[in-house]
Amino acid sequence: MAKKKIQITETVLRDAHQSLIATRMPLSDMVPILPQLDEIGFYSLECWGGATFDSCIRFLNEDPWERLRTIRKHCPKTKLQMLFRGQNMLGYRHYADDVLEYFVQRSVANGIDVIRIFDALNDIKNLQTAINATKAAKKENPNVEAQVAMSYTTGPIFTTDYYVKYAKQIEAAGADSICIKDMAALLTPYYTEELVRAIKSAVSIPVQLHTHYTSGLASMCLMKAIEAGCDRIDTAMSPLANGTSHAPTESMVAALQGTDYDTGLDLVKLSEIREYFMGLREKYIKSGLLDPKMLATDAKALIYQVPGGMLSNLLKQLKDAGKADKLTEVLEEVPRVRKDAGYPPLVTPTSQIVGTQAVFNVLFGKYKNCSGQFKDLVAGKYGTTPVAIDPEFRKKIIGDEKPVTCRPADLLEPELEKLRAEIPEWIEQEEDVLTYAQFPQVAPKFFKARRDARIGIDPQADLKSKIHPV
Ligand code: CO
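The notes below deal with the structure included here. Since the model is a prediction, treat every value here as computed from it, not as a measurement.

1. Let's talk about the overall build of the protein chain
Move 1: Of regular secondary structure, the protein chain possesses 22 helices and 8 strands.
Move 2: Whereas a compact globule of 470 residues would reach a radius of gyration of roughly 23 Å, the protein chain reaches 22 Å, a difference of no more than 12%.
Move 3: Across its three principal directions, the C-alpha atoms of the protein chain cover 75 × 60 × 50 Å.
Move 4: Within the protein chain, contacts between residues separated by at least 24 positions form 77% of all contacts whose residues are at least 6 apart in sequence.

Now the structure itself:
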């Protein structure tokens, strides 16, 4: 067999801490190790996108654009990668094309090379603008890559054939590579082999596997995928691997060393990096940020077919309502809601939409109370669902409203200028309008804190002076 170097995307700067500590790793914890990460020879460093924006401005008081520029400065050699929710960008609604195109352009200008784009419904219509915008950015940076991730899920129509058809659509749409995104850790090793082999024989672009360790199968799935022709894998440095995160980088490198799939990465250099992240892991456990439960293996995902993050969200919603005892009922309701809603894969934002509706159904009665987002999903405003929604059911949920059958973003007017006009007082850099577009409620608070910090105002001082007038 011909030798084939397996490439690795290191996720410790994004998905590993998104999965284990709710995306709370601050930039200051990353900076000291960036030069060493840059020396390893990873295919890419995933470091941005997904929940990083939300976490940066809501909890860490950090400018996500500044984070990206800093990582770029310290990692000049390695491709930087982001996760992008297609027409939802990093927010939770559909954006007009002008905002999306500007976002992609600014992401690349600030240092991103690989944009991994996915759509929660696997609706190719929702990906085309993001693919085109990414490809257009190649003019600025020839390293730019438009990777499309298919949201992997299970259900009656999600056969190997379904994914092969989708992979062909992705290639035809102009993507540079394909990722199988198994966010819920539903893949099993032998099925992974079948799936990867089928996709590899249907397309000629590289195939990458992203799977989580939740149910304890990730490294076996990666190995079978590699044997079936997979080109790249996602892993995480071992101190932030396993559990709801990814397979450990060092273990995969060691497993492939000296074989036809050797990654060529240096285990000694990796173990030096491990020491650094081990310190962070201990710090996060001590502060309570990292709950050791997250590191345990839990095959529940395979039983309920819901992502780990969704399980903990459902439990939290029920606890807040004083109904934690209803969890099993809700978990049984999730597949029924999913079926009624046309079998959306459960990934942001559909996981939240379906999960919340299942909670509502159990607490208030079946579809007695529907969230606005659930109505939008049924009305086609997120795109075409994998299975057509029963017209009777649709009518029950949205009445006589006409469902959307075109690309939802075609119904949106350009909105970039309007958004800009809403926040002239806060704009310190051109990217700020994009931060605002995605988090209109939180961004102004963040902008204010940023300005206060810059001009040396203590936000508490004003409050204190009002309490103690002199
Ligand atoms: Co993930």
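2. Some details on the sheet that holds strand 7 (residues 207–211)
Move 1: In space, the 8 strands of this closed barrel follow the order 1-2-3-4-5-6-7-8, with parallel pairing throughout. Sheet twist, expressed as the average angle between the axes of neighbouring strands with direction ignored, equals 30°.
Move 2: Judged from the 5 bridges that link them, strand 4 (residues 114–118) and strand 5 (residues 145–151) form a sheet pairing that is parallel. When the sheet's bridge partners are listed, isoleucine 115 is paired in strand 5 with alanine 146.
Move 3: The strands touched by helix 7 (residues 128–136) are strand 3 (79–84), strand 4 and strand 5; relative to strand 5, the strand with the most contacts, the crossing angle is about 155°.

3. What to know about the environment of leucine 311
Move 1: Its place among the elements puts leucine 311 in helix 14 (residues 308–320).
Move 2: Considered as a pair, leucine 311 and glycine 216 are 95 residues apart in the sequence and their alpha carbons are 17 Å apart.
Move 3: Among all residues touching leucine 311, those that are not within four sequence positions of it are Lys300 and Val306.

4. Some details on the pairing of strand 8 (residues 232–235)
Move 1: By the alternation rule, side chains of strand 8 split into Arg232 and Asp234 and Ile233 and Thr235, which are all buried.
Move 2: Examined bridge by bridge, strand 1 (residues 7–10) and strand 8 share 4 bridges and lie parallel to one another. For isoleucine 8, the partnering residue across the bridge sits in strand 8 and is isoleucine 233.
Move 3: As paired strands, strand 7 and strand 8 are joined by 2 bridges and run parallel to one another. Each residue of the ladder has a partner; that of glutamine 208, found in strand 8, is arginine 232.
Move 4: Once the chain exits strand 7 it traverses helix 10 (residues 218–227) before rejoining the sheet at strand 8, and the crossover so formed is right-handed.

5. Remarks on the environment of alanine 198
Move 1: Mapping alanine 198 onto the fold places it in helix 9 (residues 189–202).
Move 2: With 30 residues separating them in the primary sequence, alanine 198 and alanine 228 have C-alpha atoms 8.9 Å apart.
Move 3: Those residues in contact with alanine 198 that sit more than four places away from it in its chain are Thr160 and Val164.

6. Quick look at the pairing of strand 2 (residues 44–49)
Move 1: Most of strand 2 sits inside the fold, with 6 of its 6 residues counted as buried.
Move 2: In the sheet, strand 1 pairs with strand 2 via 2 bridges, with the strands oriented parallel. The residue of strand 2 that forms the bridge with glutamate 10 is leucine 45.
Move 3: Note: strand 2 against strand 3, 5 bridges, orientation parallel. Residue pairing for strand 3: glycine 49 is matched across the bridge by leucine 83.

7. Observations regarding the nonpolar core
Move 1: Judged by nonpolar contacts, the single largest core of 130 residues is most densely connected at Ile117, Val148, Ile178 and Leu222.
Move 2: With residues near it in sequence (within four places) discarded, leucine 222 still touches Leu209, Thr211, Ile233, Ala247 and Met252.

8. Quick word on helix 6 (residues 97–109)
Move 1: The end-to-end C-alpha distance of helix 6 is 18 Å, a good match for the 18 Å that 13 residues give at a rise of 1.5 Å each.
Move 2: Where helix 6 is concerned, the buried positions are Asp97, Val99, Leu100, Phe103, Val104, Ser107 and Val108. Buried residues along helix 6 cover an arc of 165° about the axis, so they all sit on one side.
Move 3: Taken from the residues just after helix 6, glycine 111 is the one with a positive phi, measuring 135°.

About the thresholds
Residues numbered from 1 in each chain as written. Predicted model: local features only at pLDDT ≥ 70, side-chain atom pairs only at ≥ 80, totals over all residues. Helix = DSSP H or I, 4+ residues; strand = E, 2+ residues; numbered from the N terminus. Rg over C-alpha atoms; globule rule 2.2 N^0.38 Å. Contact = placed C-beta atoms within 7 Å. Pairing = 2+ DSSP bridges. Axes fitted to C-alpha atoms, helices over the stretch in contact; angles between N-to-C directions. Buried ≥ 20, exposed ≤ 12 C-beta atoms within 10 Å, placed from the backbone. Right-handed = clockwise from strand over helix to strand, strands pointing away. Core = buried A, V, L, I, M, F, W, Y, C linked by C-beta atoms within 7 Å. Expected span 1.5 Å × (residues − 1). Arc of directions from axis to C-beta.

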